[in-house]
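Understanding the architecture of this molecule
The lines below spell out each chain.
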Amino acid sequence: MRNSGFDVLLSLNNLRRLMLGLGGTLEIAAVSVAVSVILGVLCGFAMMSKNRAVYALFRVYLEAFRIVPILVWLFLFFFGSAIVFGANLEGWFVSVLVFSLWGTAEMGDLVRGTVLSIPAHQWQSAEAIGLTPWQVRRFVIIPQTLRRIAPSAINLVTRMVKTTSLVVFVGVTDILRVGKQIIEFNMMKNPMASFWIYGFIFLIYFLICYPISRFSKKLEEKWSY
Amino acid sequence: MTAQKRDVILDIKGLRKSYGDKIVLNGVDICVERGEAVVIIGPSGCGKTTLLRCVNGLETHQGGTITIDGREAGSKNFDWILVRQKVGMVFQSYDLFPHMTVLENILLGPLRAQKRTREEASGQAIRLLERVGLADRVNDFPRQLSGGQRQRIAIVRALCMNPDIMLFDEVTASLDPEMVREVLDVILGVARQGMTMMIVTHEMGFARVAADKVIFMEGGVIAEEGPAKEFFTLPKTERARRFLNTFYFE
Amino acid sequence: MNVGFIADAIPIYGRAIIVTLRIAVLGILFSLVIGVICGLVAYCKMKAVDKLTRGYIELSRNTPLVIQLFFLYYGLPKLGVMLSNEACAVIGLSFLGGSYMAESLRGGLEAVSKVQVELGLSIGLDTFQLIRFVVFPQAMAVAVPALGANCVFLIKETSVLSIIALRDLMSVTKELIGMYYNTTESLLLLVVCYLLILLPVSFGLTFLERRVRYAEFGV
């Protein structure tokens, strides 16, 4: 071991490949977050319907995703698809599907909880000054909901980004898999590669998640009144 | 109750305290002798609560001296933890420790801080509880008690440490009116037994009966002080007269 | 559905459950220890150490367990730190869980009112006694729901342990699917096993939470 092996991170080619892998990871996260936010908001409003069966159904869906580990869900969809379709669905698709289903449930619960947490007198006093039902929502309810929901919704994004690290289990070429390939390729030349590569990936995840959770905490402090 | 030889237990000289720009205590001198009951009155924000809190080390003062039992606060052989065991304090909020029964509440100090035996301390606790009429509640939790009952327990908790001096900080101010009397009766009983005490209160009727000496504070300084009888019948200063008048409807 | 296969597979899954549980229990215990220490450091505002624990908490909360484990198991040995995969699993889980427990506990500690602290001081307790007898018991009661949720979270997180070659439920399932193609049965057993572990824990915690919330100290 003549050198520290740090040069494995200095190779432009290696860095480019790692970043491509990271791009794949972030792509899955971005698509899942987008789907979750859109469907989650719809889901949340649907859940406020007075229909008990609809609510019960949502509750079961939410609890199912909460009690069973996400990785088990990935396995169910990945290997289970072979039973249903005769062939495995692609890892990328399974990942987006599972993360979106999970994110939608969590987001829906957040939306529902937040809207319900806005006190009734806000609706009443808004109506009392003569606003139309649409105006009540537009100027009173939605702005307050947005403020209250922002910190936890952003927190959910951090959780989803961290969860994307699971895609390596269903054969997606993400940053971890690329890292593994680089390490194997450099096995003889650079036995220290795994320390630097995995350390680097560790740092990358931190550099992505930390600012997001900082932002969420800042919003929480700023908007708590 | 006038002692022949002065037996000073608490001596406060030139006490100063401020929060930022706001001066709360601006040079206060008080001397409390053993067995004396000193009542401090005055309008809200005059610094009387802060004064008590300084005596128990819950606030740090910025100027002047506090000497308790011959030892000056801040000097080398002075330890607030030890001093507080000899200075009992009862607060306006009638809080007990919510996770402990009445008996555990009372015994926490004697057992942990003073390292006394459970046998001896609980004997004293029960006797004190009997005196305040709450012996049947030893195993209750604070939630099960009324505000007045809790405040009486809080007094017992402080008494059970065998303090040299007791500090009462507006102990009836947060209570429902019908519970004020039971608490004041207990304090009066303690005073009659010769306990040294400093009482901050807005109950003028009680102050008149309980006090040996009355101190009237305003704007962070002592505006007037004197024996209770003189103060309430013939206050010397105009300010004290005006303050006392706010309590009467005529 | 192949009943014979399920019967044969049950002992294999049983052993895997034990591996998962052993690591989860150890991980949760160490997490609590780390959490109590870091929570108290944050509560007491110990200046120098506070920076350190703050850094640890942010690092641990903002990185996935999978990545932490990869670094521990494949990266660190290059520096001469050799750990068995079980040790890695416990360390990784505790590293992750410690920060979650610390945050929950800090929340509980900060919920204890200032009046309670002053009460404790006024009867002459020292700092240690104050925390031990007055602040900590009350903080725990507030923190129980959050601590419980962390336990469930940590048990679920153990599902990634196969990545460091531990024979847990996930690796057993993958193996059986690969060898015998009894996909339905294997997946069914996998889900059943996780429910067997998680449902009782989850119900137990709901029960505990209700007791702490409604029976608050003697009603």
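Described below are features of the structure shown in this document. (Residues numbered from 1 in each chain as written. Chains lettered and ligands numbered in written order. Predicted model: local features only at pLDDT ≥ 70, side-chain atom pairs only at ≥ 80, totals over all residues. Heavy atoms only, no water.)

To continue, consider the overall build of chain B. Within chain B, the secondary structure is distributed over nine helices and ten strands. The C-alpha atoms of chain B give 18 Å as radius of gyration, which agrees with the globular expectation for 250 residues (18 Å, within 12%). Expressed as a percentage of its 250 residues, the buried residues of chain B come to 55%. Sequence-distant contacts, at least 24 apart, represent 67% of the contacts inside chain B between residues at least 6 apart. Looking at chain B as shown, the accessible area adds up to about 11600 Å², and 49% of this sits on carbon and sulfur atoms. Charged side chains in chain B number 33 positive and 32 negative. The centres of these two groups are separated by 3 Å. (Helix = DSSP H or I, 4+ residues; strand = E, 2+ residues; numbered from the N terminus. Rg over C-alpha atoms; globule rule 2.2 N^0.38 Å. Buried < 20%, exposed > 50% of the residue type's maximum accessible area, 1.4 Å probe, protein only. Contact = heavy atoms within 4.5 Å. Areas by Shrake-Rupley, 256 points an atom, 1.4 Å probe, with all protein chains shown as cover. Lys, Arg positive; Asp, Glu negative; His and termini not counted. Charge placed at Lys NZ, Arg CZ, Asp CG, Glu CD.)

Glancing now at the interface of chain A and chain C. Across the contact, 34 residues belong to chain A and 39 residues belong to chain C. Taken together, both faces of the contact between chain A and chain C bury some 3300 Å²; the carbon and sulfur share is 79%. Among the residues chain A hides against chain C, the three largest losses belong to Ile67, Phe195 and Phe202 of chain A. Together they make up 20% of the total. Summed over the shared surface of chain A and chain C, the result is one salt bridge. (Buried area = accessible area lost by both parts, 1.4 Å probe. Salt bridge = Lys/Arg side-chain N within 4 Å of Asp/Glu carboxyl O.)

Another aspect to go through is a positive patch on the surface. Positive charge collects at one region of the surface, where Arg112, Lys115 and Arg118 of chain B together with Arg132 of chain C lie side by side. By the secondary structure assignment, arginine 112 of chain B is in helix α3 (residues 102-113). By relative accessible area, arginine 112 of chain B is classed as partly exposed at 36%. (Patch = residues over 30% accessible without salt bridge, like charges linked within 9 Å, V, L, I, M, F, W, Y side chains within 5 Å.)

We now examine unusual backbone geometry. Residues and elements named next belong to chain B. The residue lysine 115 is not glycine, and still its phi comes out positive at about 55°. When its relative accessible area of 63% is taken as the criterion, lysine 115 is described as exposed. Of note, asparagine 162 is a non-glycine position whose phi angle comes to about 50°, a positive value. Overall, the relative accessible area of 37% leaves asparagine 162 in the partly exposed class.

This part takes up the interface of chain C and chain B. With 21 residues of chain C at the contact, the number on the chain B side is 26 residues. Applying the counting criterion to the chain C and chain B interface returns one salt bridge. Glutamate 118 of chain C is the partner of arginine 53 of chain B in a salt bridge, and the nearest nitrogen-oxygen pair spans 2.5 Å. For the pair chain C and chain B, the number of links is five residue pairs in polar contact (both at pLDDT 80 or more). Of all the secondary-structure elements, those providing two or more residues to the side of chain C that touches chain B are α5 (114-122) and α6 (127-157) of chain C. With eight residues, the top contributor of residues to the side of chain C that touches chain B is α5 of chain C. Per-class residue counts for the side of chain C that touches chain B are ten nonpolar, seven polar and four charged. (Polar contact = N/O pair within 3.5 Å; in protein donor to acceptor, adjacent residues only side chain to side chain. Nonpolar A, V, L, I, M, F, W, Y, C, P; charged D, E, K, R; others polar.)

Another aspect to go through is the sheet that holds strand β6 (residues 87-90) of chain B. All names here are of chain B. Reading across the sheet, the six strands line up as β6-β7-β8-β3-β9-β10 and stay open at both edges, with mixed pairing between neighbours. Looking at which strands have only one partner, the edges of the open sheet turn out to be β6 and β10 (221-227). Going from strand to strand, the sheet's axes swing by 15° on average, the running direction of each strand aside. Relative to strand β9 (residues 213-218), strand β3 (residues 37-41) runs parallel, the two being bridged by four bridges. Bridge assignment links isoleucine 40 to a residue of β9, and that residue is isoleucine 215. (Pairing = 2+ DSSP bridges. Axes fitted to C-alpha atoms, helices over the stretch in contact; angles between N-to-C directions.)

A word on the packing of aromatic side chains. Overall, the coordinates contain 22 aromatic pairs over all chains when judged by the stated rule. Plain terms: the ring middles of phenylalanine 75 of chain A and phenylalanine 79 of chain A are 5.1 Å apart, the flat faces sit at 75° to each other, and that makes the pair edge-to-face. Here phenylalanine 75 of chain A pairs with phenylalanine 79 of chain A, and both are found in helix α3 (residues 70-85), just four residues apart, close to one helical turn. Here phenylalanine 75 of chain A matches phenylalanine 79 of chain A in class, with each residue buried. Considering the side-chain rings of phenylalanine 206 of chain A and tyrosine 210 of chain A, the 5.0 Å spacing of their centres and the 15° angle between planes classify their relative orientation as stacked. Of this pair, phenylalanine 206 of chain A and tyrosine 210 of chain A both sit in helix α8 (residues 193-223), four residues apart, roughly one helical turn. Accessibility expressed as a relative area gives 15% for phenylalanine 206 of chain A, which makes it buried. Taken together, Phe58, Tyr61, Phe65, Trp73 and Phe77 of chain A form an aromatic cluster joined through their ring pairs. Across from the ring centre of phenylalanine 97 of chain B, 4.9 Å away, lies the NZ or CZ of arginine 157 of chain B, which sits over that ring. We note arginine 61 of chain C situated over the ring of tyrosine 100 of chain C; from NZ or CZ to the ring centre the distance is 4.3 Å. (Phe/Tyr/Trp six-rings, centres within 6.5 Å; stacked < 30°, edge-to-face > 60°. Lys NZ or Arg CZ within 6 Å of the ring centre and 35° of its normal.)

Moving on, we get to the arrangement of the chains. The chain pair with the greatest number of contacts, out of two pairs of chains in contact, is formed by chains A and C. Note that chain A does not reach chain B: the shortest distance linking a C-alpha of one to a C-alpha of the other is 25 Å.

A few words on the nonpolar core. One finds Phe169 of chain A together with Tyr13, Leu169 and Leu190 of chain C to be the most contacted residues of the largest nonpolar core, which totals 104 residues. Among residues more than four places away in sequence, those in contact with leucine 190 of chain C are Val72 and Phe75 of chain A together with Tyr13, Leu169, Met170 and Thr173 of chain C. In this structure, Ala125, Val156, Met166 and Met197 of chain B belong to the second largest nonpolar core, which totals 54 residues. (Core = buried A, V, L, I, M, F, W, Y, C linked by side-chain atoms within 4.5 Å.)

Our next topic: the pattern of salt bridges. Per the counting criterion, the structure on display carries 28 salt bridges over all chains. Where glutamate 59 of chain B meets lysine 17 of chain B, a salt bridge forms, and the shortest distance between an N and an O atom there is 3.7 Å. On the criterion of sequence distance, the pair formed by glutamate 59 of chain B in the loop between α1 (48-55) and β4 (63-68) and lysine 17 of chain B in strand β1 (residues 8-19) is long-range, its members being 42 residues apart. According to the relative accessible area criterion, glutamate 59 of chain B is buried, its value standing at 15%. Here lysine 17 of chain B falls in the buried class, since its relative accessible area comes to 5%. We note a salt bridge from aspartate 140 of chain B to arginine 137 of chain B, for which the minimum N-O separation is 2.5 Å. For the pair shown, aspartate 140 of chain B and arginine 137 of chain B are each scored as buried. It is possible to trace a salt-bridge network through shared partners that takes in Arg59, Glu63, Arg66, Glu106, Asp109 and Arg159 of chain A.

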